[in-house]
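# Fold and geometry: a report
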Amino acid sequence: MKAYRLAGWTQGGHYVEVQQPKPGAGEVLIRVGGAGICHSDLHILHEWSPEVMPALQEIEPDFTLGHENAGWIETVGAGVQGWDLGQAVVVSPVWSCGHCAACRAGDDAYCEKSAGLSGGLGRDGGLASHMVAPARALVAIEGLEPSEAAPLTDAGLTSYHAVKRSLDVLTPDAAALVIGVGGLGHMAVAYLRELTGGKIIAVDRNKAARQLASDLGADLVLPSDENTADPVREATKGPGVRAVFDFVGIDATLQLSAAVVRKRGKVTIVGLGGGTFPFRYGALPHAATMGYTLGGSLSDLAEVVALAESGRVRPRVRHFSFDQIEQAYQALHDGKIEGRAVIVPE
Ligand code: NAD
Ligand code: ZN
Ligand code: ZN
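This section reports on the structure supplied with the text.

What counts and how
- Residues numbered from 1 in each chain as written.
- Chains lettered and ligands numbered in written order.
- Predicted model: local features only at pLDDT ≥ 70, side-chain atom pairs only at ≥ 80, totals over all residues.
- Heavy atoms only, no water.
- Helix = DSSP H or I, 4+ residues; strand = E, 2+ residues; numbered from the N terminus.
- Rg over C-alpha atoms; globule rule 2.2 N^0.38 Å.
- Contact = heavy atoms within 4.5 Å.
- Areas by Shrake-Rupley, 256 points an atom, 1.4 Å probe, with all protein chains shown as cover.
- Lys, Arg positive; Asp, Glu negative; His and termini not counted.
- Charge placed at Lys NZ, Arg CZ, Asp CG, Glu CD.
- Near = heavy atom within 4 Å.
- Polar contact = N/O pair within 3.5 Å; in protein donor to acceptor, adjacent residues only side chain to side chain.
- Nonpolar A, V, L, I, M, F, W, Y, C, P; charged D, E, K, R; others polar.
- Donors = N, O, S within 2.8 Å, 3.2 Å for Na, K, Ca; no water.
- Buried < 20%, exposed > 50% of the residue type's maximum accessible area, 1.4 Å probe, protein only.
- Pairing = 2+ DSSP bridges.
- Axes fitted to C-alpha atoms, helices over the stretch in contact; angles between N-to-C directions.
- Core = buried A, V, L, I, M, F, W, Y, C linked by side-chain atoms within 4.5 Å.
- Right-handed = clockwise from strand over helix to strand, strands pointing away.
- Parallel < 35°, antiparallel > 145°, perpendicular 65-115°, else oblique.
- Left-handed = near helix turned anticlockwise from the far one by under 90°.

## Topic: the overall build of the protein
Counting its regular elements, the protein contains ten helices and 17 strands. On C-alpha atoms alone, the protein measures out to a radius of gyration of 20 Å, which is about the 20 Å that the 2.2 N^0.38 rule sets for 346 residues. On the principal axes, the C-alpha backbone points of the protein span a range of 60 × 40 × 35 Å. The long-range share in the protein, meaning contacts at least 24 apart out of those at least 6 apart in sequence, stands at 70%. Summed over all atoms, the accessible surface of the protein reaches about 15200 Å², with 50% contributed by carbon and sulfur. Between the centroid of the 29 positive side chains of the protein and the centroid of its 39 negative side chains there is a distance of 8 Å.

Quick look at the structure:
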């Protein structure tokens with residue numbers, strides 16, 4: 001089969017002919033129906049290397065990209081029970097052990113045994129006709145096309161997980177701020193609209209992204225510059241927002257987050273922009289916290305799927321064919337994708 005693989009750290013990607021994989025014990029073979037294109041792929045393709053990230057030393061940089069996958073079960077490996085051939089599924093991008101303390105607590109996004117590798121993130125992913133995944137990482141989908149559902153697994157899951165862990169502070173009288181309304185951020189706006197009653201403020205440097213945020217129910221949309229903190233605070237009549245979701249993660253957006261978060265608020269950094277923020281007592285208003293998240297749990301993914309199946313929150317998707325992968329990455333890089341680009345194999 002043809003696959004789109006990383007050519008080497010910072011070397012970009014290329015199409016190669018590879019053997020179709022076979023599922024081992026506990027694994028399934030999936031015929032890929034859709035593979036979303038995530039901004040993390042741009043970091044992986046062009047920026048990351050073991051020199052800047054020592055954790056990458058353990059990973060061979062020739063894996064198939066695509067960590068946002070959906071498709072149909074084609075065959076199952078030894079010991080896999082409870083799944084029918086032909087069943088449509090989404091594949092979590094977080095592969096976990098199932099028996100460490102975090103997994104037992106249902107917090108498998110933070111599995112203590114997993115090395116953090118999964119399909120498209122160190123192992124072979126979905127930019128191919130087929131991929132292998134652990135049966136444990138699957139969630140069944142009903143009434144959703146894999147080519148529409150693929151973004152639920154990362155753009156949906158990661159933003160939902162971030163929003164969910166701030167729901168305790170997002171009372172109807174409190175505002176939330178979303179920075180970066182791309183693949184993940186547009187889903188965050190939609191989840192906030194669905195799950196909370198407060199004001200939603202969205203910031204993006206791109207006009208089309210701001211329009212998308214408005215369409216999805218943001219109450220106020222703002223461009224991104226050094227003065228953005230003022231209108232955000234004015235919109236809250238002074239105190240600032242109770243929750244910030246930073247899907248960019250550069251110095252400027254971390255500073256904006258810190259400048260607008262309110263006492264007892266939560267700043268969640270999701271974007272891998274590599275920015276830094278000097279933290280010390282008094283760096284944020286009293287009892288405000290700043291943290292970062294990775295993906296989400298399997299139960300989060302089941303909830304994301306339920307919201308999509310009922311039609312309440314679905315991703316905005318633009319399809320590309322398998323031979324247009326490089327065009328899709330270029331369009332994402334150039335800020336020309338509204339919502340999420342999804343590759344549909346032949
Ligand atoms: P995207 O390219 O689809 O969206 C990014 C959006 O941010 C775009 O709309 C862009 O216009 C906007 N933007 C860029 N710079 C900005 C700035 N300075 N101010 C305001 N807006 C700005 O990207 P995506 O796929 O949604 O991913 C977003 C980030 O999240 C990436 O860094 C990605 O690597 C990261 N990510 C993290 C996780 C995780 O688990 N932590 C998972 C997936 C993606
Ligand atoms: Zn991703
Ligand atoms: Zn675990």
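## Examining the site of ligand 1
Around ligand 1 sit 27 residues, and of these His39, Ser40, Asp204, Ser224 and Arg340 come closest. A distance of 2.7 Å separates an oxygen atom of ligand 1 from a polar side-chain atom of Ser40. One of the side-chain nitrogen or oxygen atoms of Arg340 is found 2.6 Å away from an oxygen atom of ligand 1. In the complex, the protein chains occlude 90% of the 870 Å² of accessible area that ligand 1 would expose alone. At the level of secondary structure, the elements contributing two or more residues to the shell around ligand 1 comprise helix H1 (39-46) and helix H5 (183-195). Among the elements that take part in the shell around ligand 1, H1 stands out by supplying three residues, more than any other. Among the residues making up the shell around ligand 1, the classes are represented as eleven nonpolar, twelve polar and four charged.

## Comments concerning the coordination of the zinc ion (ligand 2)
Every protein donor of the zinc ion (ligand 2) is listed here as Cys38 (SG), His67 (NE2) and Asp154 (OD), and their distances to the metal cover 1.8 to 2.2 Å. Spacing between the donor residues of the zinc ion (ligand 2) along the chain follows C-x28-H-x86-D. With a gap of 116 residues between them, Cys38 in the loop between strand S3 (27-37) and H1 and Asp154 in the loop between helix H3 (146-149) and helix H4 (155-164) connect regions that are remote in the sequence. Since its relative accessible area comes to 4%, Cys38 is described here as buried. Exposure remark for Asp154: the relative accessible area of 8% places this residue in the buried category.

## A closer look at the coordination of the zinc ion (ligand 3)
Within the first shell, the zinc ion (ligand 3) binds the protein through Cys97 (SG), Cys100 (SG), Cys103 (SG) and Cys111 (SG), at distances of 2.3 to 2.4 Å. Along the chain, the residues donating to the zinc ion (ligand 3) are arranged with the sequence spacing C-x2-C-x2-C-x7-C. The class of Cys97 is partly exposed, set by a relative accessible area of 23%.

## With respect to H1
Summarising burial for H1: six of the eight residues are buried, a large majority. When H1 is considered as a whole, its buried residues turn out to be Ser40, Asp41, Leu42, His43, Ile44 and Leu45. Summarising the contacts, the buried residues of H1 are in contact with strand S1 (2-6), strand S2 (13-17), S3 and helix H10 (325-333).

## Quick notes on the sheet that holds strand S12 (residues 220-222)
With parallel pairing, six strands are arranged side by side in an open sheet as S12-S11-S10-S13-S14-S15. Here the strands that pair on one side only, and so sit at the sheet edges, are S12 and strand S15 (289-292). Neighbour-to-neighbour, the strand axes of the sheet open up by a mean angle of 15 degrees, direction not taken into account. Judged from the four bridges that link them, strand S10 (residues 176-179) and strand S13 (residues 241-246) form a sheet pairing that is parallel. Looking across to S13, one finds that Ile179 is bridged to Asp246. Contacting S10, strand S11 (200-203) and S13, H5 runs over the sheet at an angle of about 165 degrees to S10.

## Section: the nonpolar core
Counting residues in hydrophobic clusters, the biggest one holds 42 residues, and the most contacted among them are Val90, Leu152, Val178, Tyr191, Leu192 and Phe245. If you list the elements that add at least two residues to this core, you get strand S5 (88-91), H4, S10, H5, S11, helix H6 (207-215), S13 and helix H9 (298-309). Tallying contributions element by element places H5 first for this core, with seven residues. When near neighbours in sequence (up to four residues on either side) are disregarded, Tyr191 contacts Gly156, Ser159, Tyr160, Val163, Thr196, Val304, Leu307 and Val313.

## Side note on the pairing of strand S17 (residues 340-344)
Moving residue by residue along a regular strand, the side chains alternate between the two faces of the sheet. Counting buried positions along S17 gives four out of five residues, so the element sits mostly inside the fold. When S3 meets S17, the two strands line up antiparallel, connected through three bridges. Bridge assignment links Ala35 to a residue of S17, and that residue is Ile343. Judged from the five bridges that link them, strand S16 (residues 317-321) and S17 form a sheet pairing that is parallel. By the bridge assignment for S17, Arg318 is matched with Ala341. In terms of handedness, the path from S16 via H10 over to S17 forms a crossover that is right-handed.

## Topic: the side chain of Lys266
Tracing the chain through its elements places Lys266 in strand S14 (residues 261-269). With relative accessibility at 19%, the residue Lys266 sits in the buried group. Side-chain polar atoms of Lys266 contact the backbone oxygen of Arg165, separated by 2.6 Å.

## Here's the deal with the packing of H4 against H5
Following both chains from N to C, one finds H4 and H5 inclined at 50 degrees, their axes separated by 8 Å at the closest point. The pairing of H4 with H5 is recorded here as oblique in orientation. Handedness of the H4/H5 crossing: right-handed. Here H4 contributes Ala155, Gly156, Thr158, Ser159, Tyr160 and Val163 to the contact with H5, which in turn contributes Gly183, Leu184, Met187, Ala188, Tyr191, Leu192 and Leu195. When its residues are assigned to classes, the contact of H4 with H5 shows nine nonpolar, four polar and no charged.

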